[in-house]
Amino acid sequence: MPHALVVAEIAEDGKVKKATLAAVSFAKKARPAVGGSFSILVLGGSARAAAAELAGYGAAKVLVCEDPSLAKYTAEHYAPTVAEVGKTFSLVVATATSEGKDLMPRVAARLDAAYAGDCADVLVDGTSLRYKRPMYAGNAFGTVELTTPIHVATARQSEFDPAAPSGGSSPIEAVPKVAPGAAASRVEVVSLEAVKSERPELTEARVVVSGGRALKEQFFQVLEPLAQALGAAIGASRAAVDAGYAPGDYQVGQTGKIVAPELYVAIGISGAIQHIAGMKSSKVIVAINKDAEAPIFQIADYGLVADLFQAVPALTAELKKRKP
Amino acid sequence: MKVLVSLKRVSDPDNANKIKIAASGNAVDTAGLEWKTNPFDEYALEAALRLTENGKAPKLRLGEVVVVTLGPKECEQTLRAALATGADRAIRVDATDDALDGRLVALALKNLVGTEKPDLVLLGKQAVDGDSNQVGQRLAELLDWPQATFAATIREEAGALLVGREVDGGVLTLRVKLPAVVTVDLRIVSPTSVYSAHTEAAHKYAEGVRFAPLPAIMAAKKKPLDTKTLAELVPGAALSTRALKFEKPAARSAGIKVKDVSELVDKLMNVSKVL
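Residues numbered from 1 in each chain as written. Chains lettered and ligands numbered in written order. Predicted model: local features only at pLDDT ≥ 70, side-chain atom pairs only at ≥ 80, totals over all residues. Heavy atoms only, no water.

A common way to state how big an interface is: give the accessible area lost once the parts meet. Residue and element names in this part refer to chain A. Segmenting chain A into domains produces domain 1 (4-186) and domain 2 (202-322). In this structure, domain 1 and domain 2 have C-alpha centres spaced 32 Å apart. When the buried surface of domain 1 facing domain 2 is broken down by residue, Ala137, Arg156 and Ser158 rank first, second and third, together holding 44% of it. In this structure, the connection of domain 1 to domain 2 is made through 0 salt bridges. (Domains from an automatic or database assignment. Buried area = accessible area lost by both parts, 1.4 Å probe. Salt bridge = Lys/Arg side-chain N within 4 Å of Asp/Glu carboxyl O.)

Shown next as structure tokens:
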């Protein structure tokens, strides 16, 4: 009976990305429909160490493909091996990070499999799986069924709690790298320009401070001190990104980053549906906006109607005073 | 350079609040919604136009842009609009929206690439209705071409493109040799995002996508628009993804308004205990 396969992701430092544990939770939830177990596949230039990190999560096997050509991720090099291993499984799933979203549709095409991307939930109905996905810029959730023998999916990180270690030690097994097609010889990773920030990564931060277009050119000048005081990551609305006040990878929303921190502070953000779709799973939402009618107040736990250029520095000062 | 751009007609996301779910719960009711071109596809078209000109004289075509859509007859408006903004030729693949999924669209595009032989296929990273984000990647695999998804910048080199991709940790730059598939993100329409081999390094475009002047809209009516059928391109096309049910996202209720930052910090520290 074919089972579920989780495709792990390795970070720049060679460790398993925490995001991978969302896909593990997805596979654990789906496994009753696919024979009861799941395995994990780790690919990379030095994947063995990372594989050992994943041996305590209850997987039937942790499969490792270690090859110098896999040291830097490209879909063209990864997809053939993921598909080759994946073809003996019923479900192949990764977390919907930028890497997962780049890789998995390519894997699906190689397997001629249907693909359900960015799933908010997976539903087990006997031996069938259904996938609940956000659509229409966050205005609706669609539940879809896939009718190909193999299903390929990505899991929205904010909707699946990271799997907890379950003890035990899964056997680690090497799998060979599959020779890639011509495409792989025509792509080259030139550079990764990491965002120079002392702030935590947006999708993993406990606190996120997000700004809208109202901040204008003072976007960082206003938000940095507050983010510093809260130990927060900085995010932005699409409008702020569109206007060039914040870089593109700061965008929170259905077509940007999906975040679910303990505390989300929306500053000068009106609350377009597509933005709300990217942050509504946050535990506590604070909104600061001078427009009392702004839609963001309809979903905020605490709203402050105020001019942000005064309120944000005042909030920063207050936080420093109370929590020095 | 010859560029194939795929465009999808979607219900206007700016009117997103009007999305209604049919009483049966198994369909999104699109009656009364306005249609427009998927914004990410419009950005792909703008990028294609920039890659086939020198920036200074947009009427001077240094390549060809062919636009394609899959859909019913009404989708020809989407194609005419693209022809008016500067695309050279259009193809409509006749199909009803409910007979298509990402797998079939990629298979149909693969077949079109076989006859059109473009150097580059440019697409939006996702359509804002299905939000599926898969066609570009699937197409690249079917063609065994390199892919660069979520592109924020494109710079043409000899026989290759240098593509800056928006990824989780920052910007990842790939060099892809042509022919290739590139899907674009929001910032591809910034003033300095796209340079053809003929664009001066100092050139800056106007922010956003270009608009068609009236004479171009008239002229677009005479530009070639071919029609093919889905069955021609994908014999025996059958859906492999079916939507069973739609529902509204769970509502989150409004909380309280605080009077000042001091009260806000009180609540966060003592009631929510998140500080």
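For a regular strand, the rule is simple: side chains alternate between the two faces of the sheet. All names here are of chain A. Burial analysis of strand 4 (residues 91-95) places 5 of its 5 residues in the buried class, the great majority of the element. With burial as the criterion, each face of strand 4 is covered, one bearing Leu91, Val93 and Thr95 and the other bearing Val92 and Ala94. Of the strand pairs in this sheet, strand 1 (residues 4-7) and strand 4 are connected by 3 bridges, and their pairing is parallel. When the bridges of strand 4 are listed, Ala4 appears paired with Leu91. Strand direction decides the pairing type here: strand 4 and strand 9 (residues 151-155), joined by 5 bridges, are parallel. The residue bridging Leu91 from the neighbouring strand is His151, located in strand 9. (Buried < 20%, exposed > 50% of the residue type's maximum accessible area, 1.4 Å probe, protein only. Helix = DSSP H or I, 4+ residues; strand = E, 2+ residues; numbered from the N terminus. Pairing = 2+ DSSP bridges.)

A word on helix 3 (residues 75-86) of chain A. Most of helix 3 of chain A is tucked away, with 11 of its 12 residues classed as buried. Every buried residue belonging to helix 3 of chain A is among A:Ala75, A:Glu76, A:His77, A:Tyr78, A:Ala79, A:Pro80, A:Thr81, A:Val82, A:Ala83, A:Val85 and A:Gly86, and all of these are buried.

Okay, the sheet that holds strand 15 (residues 241-247) of chain B next. A sheet is described by the order of its strands in space; here 4 strands give the open sequence 6(A)-7(A)-8(A)-15(B), paired in antiparallel fashion. Only two strands of the sheet have a single partner each, and these edge strands are strand 6 (121-125) of chain A together with strand 15 of chain B. Neighbour-to-neighbour, the strand axes of this sheet turn through a mean angle of 30°, independent of strand direction. Strand contacts of helix 1 (residues 20-30) of chain A: strand 6 and strand 7 (128-135) of chain A, with the helix running at about 15° to strand 6 of chain A, the strand carrying the most contacts. (Axes fitted to C-alpha atoms, helices over the stretch in contact; angles between N-to-C directions. Contact = heavy atoms within 4.5 Å.)

Between chain A and chain B, the contact holds 90 residues from the first and 80 residues from the second. Summing the contributions of chain A and of chain B, the shared interface buries around 7,300 Å²; its carbon and sulfur component is 53%. At the boundary of chain A and chain B, one finds 8 salt bridges. For A:Arg110, the salt bridge goes to B:Glu141, with nearest N and O atoms at 2.9 Å. Inspection of the chain A/chain B interface yields 51 residue pairs in polar contact (both at pLDDT 80 or more). Among the residues forming the side of chain A that touches chain B, the class breakdown is 44 nonpolar, 19 polar and 27 charged. With 2 bridges connecting them, strand 16 (residues 302-305) of chain A and strand 16 (residues 256-257) of chain B associate as parallel partners. Bridged to A:Tyr302 within strand 16 of chain B is B:Ile256. (Polar contact = N/O pair within 3.5 Å; in protein donor to acceptor, adjacent residues only side chain to side chain. Nonpolar A, V, L, I, M, F, W, Y, C, P; charged D, E, K, R; others polar.)

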